[in-house]
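# Close look at the chain arrangement
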Amino acid sequence: MRYIEHDIVVKRMNGRNVVNKLFKSIFLLATLSALLALVILLYQIVSQGASHLSIDFLTNFASRFPAEAGIKAALVGSIWLMLVVAPTSIILGVGSAIYLEEYAGKNRITTFIQMNISNLAGVPSVVFGLLGLTIFVRALALGNSILAAGFTMSLLILPVIIVASQEAIRSVPGELRDASYGMGATKWQTIVRIILPAAIPGILTGSILALSRAIGETAPLIVVGVPVIIQFLPEGVMDTFTALPMQIYDWSSRPQQEFQQVAAAGIIVLMSVLLLMNSVAVFIRNKFEKRY
Amino acid sequence: MSTTQAINNRSKTAGLEQESSQATSTSSVYDTKQLNLWYGDNHALKNIDLDIKQNEVTAIIGPSGCGKSTYLKTLNRMVELVPNVKTSGQIMYRGRNIFDKDYSVEELRTRVGMVFQKPNPFPKSIYDNIAYGPRIHGIKNKKILDEIVEKSLRGAAIWDEVKDRLNENAYSISGGQQQRICIARALAIEPDVILMDEPTSALDPISTLKIEELVQELKKDYSIIIVTHNMQQAARISDKTAFFLNGEVIEYDNTDTIFSNPSDKRTEDYISGRFG
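Residues numbered from 1 in each chain as written. Chains lettered and ligands numbered in written order. Predicted model: local features only at pLDDT ≥ 70, side-chain atom pairs only at ≥ 80, totals over all residues. Heavy atoms only, no water.

Looking at an unreviewed UniProt entry, one finds chain A named Phosphate transport system permease protein PstA, with Planococcus salinarum as its source organism. The annotation that UniProt attaches to chain A under Subcellular location (unreviewed entry) is "Cell membrane". (UniProt positions renumbered as here; feature names shortened; annotations may be inferred.)

Another aspect to go through is the overall build of chain B. The number of helices and strands found in chain B is twelve helices and ten strands. The C-alpha radius of gyration of chain B comes to 19 Å, within 12% of the 19 Å expected for a compact globule of 276 residues. Projected onto its principal axes, the C-alpha positions of chain B cover 55 × 45 × 40 Å. In chain B, which comprises 276 residues, the proportion classed as buried is 53%. Across chain B, the fraction of contacts at a sequence separation of at least 24, relative to all contacts at a separation of at least 6, is 69%. Here chain B has roughly 12400 Å² of accessible surface; of this, 47% comes from carbon and sulfur atoms. Distance between charge centroids for chain B: 4 Å, based on 34 positive and 37 negative side chains. (Helix = DSSP H or I, 4+ residues; strand = E, 2+ residues; numbered from the N terminus. Rg over C-alpha atoms; globule rule 2.2 N^0.38 Å. Buried < 20%, exposed > 50% of the residue type's maximum accessible area, 1.4 Å probe, protein only. Contact = heavy atoms within 4.5 Å. Areas by Shrake-Rupley, 256 points an atom, 1.4 Å probe, with all protein chains shown as cover. Lys, Arg positive; Asp, Glu negative; His and termini not counted. Charge placed at Lys NZ, Arg CZ, Asp CG, Glu CD.)

Turning our attention to the sheet that holds strand S5 (residues 96–97) of chain B. Residue and element names in this part refer to chain B. Spatial strand order, S2-S1-S4-S5: four strands in an open sheet with antiparallel pairing. Since the sheet does not close on itself, it has two edges, and those belong to strand S2 (42–53) and S5, each with one partner. In terms of strand pairing, strand S1 (residues 28–39) meets strand S4 (residues 85–93) through eight bridges, oriented antiparallel. Across the sheet, Trp38 pairs through a bridge with Lys86, a residue of S4. On top of the sheet, helix H3 (residues 68–75) reaches S1, S2 and S4; it is set at about 120° to S1, its chief contact. (Pairing = 2+ DSSP bridges. Axes fitted to C-alpha atoms, helices over the stretch in contact; angles between N-to-C directions.)

With that settled, the discussion passes to the UniProt feature "transmembrane region" (unreviewed entry) in chain A. Residues and elements named next belong to chain A. This chain's UniProt record puts "transmembrane region" (unreviewed entry) on residues 21–46, 79–100, 120–140, 146–169, 190–211 and 262–284. Taken as a whole, residues 146–169 contains 100% helix and 0% strand, while its terminal C-alpha atoms sit 31 Å from one another. Between the end C-alpha atoms of residues 262–284 there is a gap of 33 Å, over a span that is 100% helix and 0% strand.

Quick look at the structure:
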């Protein structure tokens, strides 16, 4: 006796194909709607801001007059911020990931820590701002300096870097560890010589994406008390500063119509920086990707 | 040196009867006494007693899950990388219990090389793969490293195939060649014993043959313990064979005896292909 009646299979084939095509269209539509929103956004920003974009815009300080307003202090401030955030968050994040993946035993405490790190990744950025205000600005008396803001931002993106690094480390095949341990290598030698070189593309990609999040965040900076109008460039990490998203936020909240164009130009600069960082991430991933 | 004497003894008796090789029998490398091992609650090795001799090929055979790989990995304590492993009993390696607190695993693994089931070269050049072991043990001199690399690759009978491409990625060569690179990598730490965990199970017949010939060559200088699924392979290349079943050693004897005249019914059933 046969269970599959081929005549019936053929008869039902048309219906199955229609359903298949239907779902393909639905998913295509979903993709396009996201893309459409992005295109509209970009079009609006570029058409508004392009006219204001010039070398002067990059080299002028902020001003009461829209025509003279520039983004110099904010751009330089954001770069300073990154100089603090990148080393702090990558060293702490990769260190934690190595500890959790390679050294820590699998017990209740590590499971608890692990769970909390994943949860921290979902905590709103304004909460991290309050944390930074309490610890760095007030308790450690760093004021609204680059260092205080940088540490706050580092805390914000730390969970993302830890999780991304853990995944990169976990994806290094176990056979490579076995081979290294089998020759009498210590854990540290295995980590430095085998695991990190293989995991570095994943770690850097995750870190750069996290840094791009930090460069675009506004809420923690507002809470920490970063000012907007700054007429000088910071000279050290203890100086006050302003950052790109702060400057854009300020411009867009001003009543004059012209400042909306200035804000749009600022967004173009911020987006260019983000795009640049993401391209670096893609480049690193492609260049160092290894086959096993 | 006792090793050289052993090699001489071995080559003198090479063509003679099994008994005479017994008469000049060399010292033991590994003496396992009442070894028990648990993975959590799973009692994986039960009261293992095995005496493994120097400059011989010892094959470990048995059906899947019988504990043969576990036993092999216990010999260089790689099994401890699995969480929740407990052991009791002793494994004397050259007269020292490897479970002693003051015996570091790194030291043990420098004397006991390992070749794995799947070829697992590092994603580095062939040269860096071979030089890995010497480097982690502190050798930095380029000339010495060059010599070790050449000697190890020659030892693994792959020098002629790769001598012009030492700087190429080890993944650019075939699986069989990769496995011989892994053997060369194990030789580079100048071990005393080489553990092989089904080293040919992922290879084609010709590569398998090359590895088997290599094992015959290597036993002059090293003691080899090989886990294999392939009974013909055990019969072809080993001097002694241990048959494992459900975590116990059922029979351990000269390979000829095991395959021609096993004393236990279960060994006979397994060898003749009735199960396994």
